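Take a look at the letters that make up each chain.
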Amino acid sequence: MKTKFVYLSILLAFSLSGVNAAVPDCQSVVIGSGVAGMKAAMDLKDGVNKVCLIEKMPFPGGATNLAATYFVAVGTKEQKAAGKFISVDDYVARQKKMLPNVDVDKLKAQMLCSQKNLD
C-alpha cells in the first residue's frame, strides 16, 4: 500500500507540473539519484524488481554535486613560485594560536607531507 501511495503521489506531482509522463511498469520507485538512491535502486534491481529511479535534476548525483573539500598544503614549490610561502613551523604556530588544543605534533607531521600530498 505504501508503494502505491508514493507512486500515486509522483504521478500527481507530474500531472500538476504539466509533465506528460507515461505510466511506467514499476514494482519499486526510488526518489533521487544521489548515492543512496542509486544504491537502493541497484539493490532492488538485484532482487529482480522493476525499478523506477526518479530525479528532479537533469543530472544524477544528488547532494554529492554540492560536496567540496580542500586540504592545506604548506611550503610547496608552487607556493614558493607564487611568492605565497609560509614555513611549516610558522603555519603550526599560527594554528596553535587559533586552536590551543590542536595536536601540534600531528599537524606538523601532516604539513611536512604537503608537497608529497599535492604531487
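Data block above holds the structure.
All values reported here derive from a predicted model rather than from experimental measurement. Along each chain, residue indices are assigned from 1 in the same order as the chain's sequence is written. With pLDDT at 70 or above as the cut-off, local features in this predicted model cover only qualifying residues; side-chain atom pairs require 80 or more to be listed or tallied, and sums for whole chains, interfaces and linings still use all residues. Only hydrogens and water are set aside when side-chain values are computed; all heavy atoms of the structure are taken into account.

Asks: What am I meant to see in the pattern of salt bridges here?
Replies: Think of it this way: side chains of opposite charge can pair up when their charged atoms draw near. Criterion for a salt bridge: a side-chain nitrogen of Lys or Arg within 4 Å of a carboxyl oxygen of Asp or Glu. As enumerated under the stated definition, the model contains three salt bridges in all. We note a salt bridge from Lys 39 to Asp 43, for which the minimum N-O separation is 2.9 Å. A residue pair is termed a helical-turn pair when its members lie 3 or 4 positions apart in one helix, as Lys 39 and Asp 43 do in helix H2 (residues 35-46) at four residues. To sort residues, take the accessible area from a 1.4 Å probe on protein chains only and compare it with the maximum for the residue type: under 20% means buried, over 50% means exposed, and anything in between is partly exposed. The exposure class assigned to Lys 39 is partly exposed, which follows from its relative accessible area of 44%. Note that Asp 89 is salt-bridged to Lys 108, the shortest N-O span being 2.9 Å. A residue pair is termed long-range when its members are at least 10 positions apart, and Asp 89 in helix H4 (residues 88-98) and Lys 108 in helix H5 (residues 104-112) qualify at 19 residues. We classify Lys 108 as partly exposed; its relative accessible area is 32%. Put simply, DSSP marks the helices as runs of H or I at least four residues long and the strands as runs of E at least two long, and each gets a number from the N terminus on.

Asks: Please clarify how a nonpolar patch on the surface should be interpreted in this entry.
Replies: Like charges are joined within 9 Å and nonpolar side chains (Val, Leu, Ile, Met, Phe, Trp, Tyr) within 5 Å, but only among residues with over 30% relative accessible area and no salt bridge; these make up the patches. Reported accessibility uses the Shrake-Rupley method at a 1.4 Å probe radius. Residues are deemed covered only where the shown protein chains occlude them. Together, Met 38, Met 42 and Leu 53 give the surface a local cluster of nonpolar side chains, amounting to about 260 Å² of exposed area. Take Met 42: it is sitting in helix H2.

Asks: Just to check I follow, could you spell out the pairing of strand S2 (residues 51-54) for this structure?
Replies: For a regular strand, side chains alternate in direction, first toward one face of the sheet and then toward the other. Inspection of the sheet shows strand S1 (residues 28-31) paired to S2 by four bridges, in the parallel sense. Among the inter-strand pairings, Val 30 is bridged to a residue of S2, identified as Leu 53. Where the polypeptide runs from S1 across H2 and back to S2, its parallel neighbour, the crossover connection is right-handed. Criterion used throughout: strands pair if DSSP finds at least two bridges between them. Seen with its strands pointing away from the viewer, a crossover is right-handed if its path from the first strand over the helix to the second goes clockwise.

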